Amino acid sequence: MATESSEGEEETKLMGGNPQLVVDGDLREMAKNAAWSVSSCKPGNGVSSLRDDNYETYWQSDGAQPHLVNIQFQKKVKLQLVALYVDFNLDESYTPSKISIRAGDGFHNLKEIKTVELVKPTGWVYISLSGNDPRETFVNTFMLQIGVLSNHLNGRDTHVRQIKVYGPQPNPIPHQSFQFTSTEFITYSTLR
């Protein structure tokens with residue numbers, strides 16, 4: 001169920017979750033070389049727990065809401081998908097129920113692009129960053145901020161077990177606006 005909010009960003013309700021991370025082959029993980037920070041964390045449950053590919057560890061916030069995860073890139077990148085691993089069965093009131101995705105050049109000009117409501121999620125939750133217009137398939141940004149606005153059962157702190165950020169694969173042939181898909185076309189795509 002998707003509803004339009006008054007500020008123009010899209011609000012979506014997501015139910016369930018996927019136990020396995022499944023991403024299209026034309027996407028790549030973009031946040032490996034980014035600078036990650038969080039608004040707060042309990043000792044031993046910081047940023048490294050979000051990126052360790054271990055479902056048993058988690059980032060746990062420590063403070064007032066909203067709880068923020070900031071991802072800053074050295075250059076402008078195209079982002080298409082955010083995948084979060086959360087587990088309502090294990091974390092209960094620590095599980096996020098409303099998430100905001102913001103993008104911009106830095107902290108000074110972040111703009112909310114998506115608001116998502118999660119209903120008892122267990123597993124990977126996929127949040128597409130594409131807009132309502134079919135031509136808006138990605139967000140071009142220096143910084144992405146994921147904000148946990150509220151938790152299930154009115155919980156105060158939050159648990160997020162993993163976060164992955166994906167963007168489109170780069171074109172293997174530079175200065176070519178389109179990609180060849182068949183082997184025969186790729187063979188004849190360059191001049192010798």
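Right above here is the structure, for reference.
Throughout what follows, the structure given in this document is the object of discussion. Along each chain, residues carry numbers from 1 onward, in the same order as the chain's sequence is written. Only residues with pLDDT of 70 or above have their local features reported here, since the model is predicted, and side-chain atom pairs are shown and tallied only from 80 upward, although totals for entire chains, interfaces and linings are computed over all residues. Side-chain calculation: all heavy atoms of the structure are included, whereas hydrogens and water are not.

## Concerning the pairing of strand 13 (residues 162-168)
Note on classification: 1.4 Å probe, protein chains only; a residue is buried when its accessible area is under 20% of the maximum for its type, exposed when over 50%, partly exposed between these limits. A run of DSSP states H or I qualifies as a helix once it reaches four residues; a run of E qualifies as a strand once it reaches two. Both are numbered from the N-terminal end. For strand 13, the buried fraction is high: six of the seven residues fall into the buried class. Examined bridge by bridge, strand 3 (residues 27-29) and strand 13 share three bridges and lie antiparallel to one another. Looking at the pairing, R28 lines up with G167 of strand 13. Should DSSP find at least two bridges between two strands, the strands are taken to pair.

## Overview of the sheet that holds strand 3
Within the open sheet, the four strands sit side by side as 3-13-7-10. Their pairing is antiparallel. Each edge of the open sheet is held by one strand with a lone partner, namely strand 3 and strand 10 (122-128). Going across the sheet, the axis of each strand differs from the next one's by a mean of 30 degrees, ignoring polarity. Each axis is a line fitted through C-alpha atoms, and for a helix only the stretch in contact is used; angles between axes span 0 to 180 degrees, taken between their N-to-C directions.

## What about the side chain of K164?
Along the chain, K164 falls in strand 13. Looking at K164, the relative accessible area reads 10%, which means it is buried. Two N or O atoms form a polar contact when they lie within 3.5 Å of each other; inside protein one atom must be a possible hydrogen donor and the other a possible acceptor, and for residues adjacent in sequence the pair counts only when both atoms belong to side chains. Here D53 takes part through its side chain, which lies 2.4 Å from a polar atom of the side chain of K164.

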